[in-house]
Amino acid sequence: SCDYLYITSKGVFSREDVSDEDKATALRVVVAQCSKTQSMFAHPVPKKGADPEGHIVERIVADVVWLGQFKIVIKSDNEPAILQVVDRVLSALKAKGMDAGSEGSVPYDPQTNGAAESAVKMLKGTVRANLVALEWQIKARVLMDHPILAWLVRHAAMIRTLRIKGADGMTAQQRVRGSNAITRMLPFGEVCRYKARAHESSIPGSGWKWS
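Residues numbered from 1 in each chain as written. Predicted model: local features only at pLDDT ≥ 70, side-chain atom pairs only at ≥ 80, totals over all residues. Heavy atoms only, no water.

1. Remarks on the overall build of the chain
(1) Moving on: Assigned secondary structure in the chain consists of six helices and eight strands.
(2) Moving on: Along the chain direction, N to C, the helices and strands of the chain fall in the order β-β-α-β-β-α-β-α-β-α-α-α-β-β.
(3) Moving on: Residue pairs in contact within the chain that sit at least 24 positions apart in sequence constitute 57% of those at least 6 positions apart.
(4) Moving on: Approximately 12,000 Å² of the chain is accessible, and the part contributed by carbon and sulfur atoms is 56%. (Helix = DSSP H or I, 4+ residues; strand = E, 2+ residues; numbered from the N terminus. Contact = heavy atoms within 4.5 Å. Areas by Shrake-Rupley, 256 points an atom, 1.4 Å probe, with all protein chains shown as cover.)

Set out below in structure tokens:
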């Protein structure tokens, strides 16, 4: 399921909470969540719809490949911009031999895309929490048009995939890969003062261990 999140000079907003005027100058973020594993992805984009360079299409295709699913249905609302992205993603997935289809919301009833709206709201909360933590660490306010926000939304989505446990006691990462990728994480914006040693890995397959 996918939808847009907006970051404006006034804050972080889901689609229904931001005005058309603010949308025009907002940082747009495509938020997607896998219903089977609850993995979450977030990708800042220069504009709504598919960009000429194909960046957002490549990123979503990479997300689907990471999930390891052969059959996938992409759900969205019927907004032309997101449908354009979905159509191009489906074409790219089918070119890779995947069984891919789409499902839109009921016309004039965007609430039928509830899974995506729920994902946007969860990510919005995680972004705000990490932003507050970053501002506390640097003892300064971060302007809402600062480029670091583009990195922060991706980090927030990664946190939800790696750290948030469901009713089954597992994280989304565990549902996809069978085990957690890492045991420790630095706060967003933190400078690592430790050296990495080869061949002492606490991260499966990485060859590295923080010591």
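Alright, that's what it looks like, and here's the rest.
2. Details of the sheet that holds strand 3 (residues 27-33)
(1) Moving on: Here we have four strands laid out as an open sheet, ordered 2-1-3-4, and antiparallel in their pairing. Among the strands making up the open sheet, the edge pair consists of strand 2 (11-14) and strand 4 (40-45). Across the sheet, the axes of successive neighbouring strands diverge by a mean angle of 25°, strand direction being ignored.
(2) Moving on: Across six bridges, the pairing between strand 3 and strand 4 is antiparallel. (Pairing = 2+ DSSP bridges. Axes fitted to C-alpha atoms, helices over the stretch in contact; angles between N-to-C directions.)

3. A few points about the pattern of salt bridges
(1) Moving on: One pass over the full model with this rule turns up nine salt bridges.
(2) Moving on: With a shortest N-O distance of 3.7 Å, Lys 75 and Glu 103 are connected by a salt bridge. Note that Lys 75 is positioned in strand 5 (residues 71-76) and Glu 103 in strand 6 (residues 99-104), a separation of 28 residues in sequence.
(3) Moving on: We note a salt bridge from Glu 135 to Arg 141, for which the minimum N-O separation is 3.3 Å.
(4) Moving on: Residue class for Arg 141 comes out exposed when judged on its relative accessible area of 70%. (Salt bridge = Lys/Arg side-chain N within 4 Å of Asp/Glu carboxyl O. Buried < 20%, exposed > 50% of the residue type's maximum accessible area, 1.4 Å probe, protein only.)

4. Examining the packing of helix 2 (residues 55-67) against helix 3 (residues 80-95)
(1) Moving on: Where helix 2 meets helix 3, the closest approach of the two axes is 9 Å, and the angle between their N-to-C directions is 55°. Taken together, the axes of helix 2 and helix 3 are oblique relative to one another. Of the two possible hands of crossing, helix 2 and helix 3 adopt the one that is right-handed. Contacts from Ile 56, Val 57, Ile 60, Val 61 and Val 64 of helix 2 reach helix 3 at Val 85, Arg 88, Val 89, Ala 92 and Leu 93.
(2) Moving on: Its residues assigned to classes, the contact of helix 2 with helix 3 comprises nine nonpolar, no polar and one charged. (Parallel < 35°, antiparallel > 145°, perpendicular 65-115°, else oblique. Left-handed = near helix turned anticlockwise from the far one by under 90°. Nonpolar A, V, L, I, M, F, W, Y, C, P; charged D, E, K, R; others polar.)

5. A few points about helix 4 (residues 114-138)
(1) Moving on: The end-to-end C-alpha separation of helix 4 is 36 Å, in line with the 36 Å expected for 25 residues at 1.5 Å each.
(2) Moving on: Among the residues of helix 4, Ala 116, Glu 117, Ala 119, Val 120, Leu 123, Lys 124, Thr 126, Val 127, Asn 130, Leu 131, Leu 134 and Glu 135 are the ones counted as buried.
(3) Moving on: Taken together, the buried residues of helix 4 touch strand 1 (2-8), strand 2, strand 3, strand 4 and helix 5 (148-163).
(4) Moving on: The first or second residue beyond helix 4 is Lys 139, which carries a positive phi of 55°. (Expected span 1.5 Å × (residues − 1).)

6. Let's talk about unusual backbone geometry
(1) Moving on: Despite not being glycine, Gln 38 has its phi angle at roughly 70°, a positive value.
(2) Moving on: The phi dihedral of Lys 139 falls on the positive side, at around 55°, and the residue is not glycine.
(3) Moving on: Mapping Lys 139 onto the fold places it in the loop between helix 4 and helix 5.
(4) Moving on: Since its relative accessible area comes to 62%, Lys 139 is described here as exposed.

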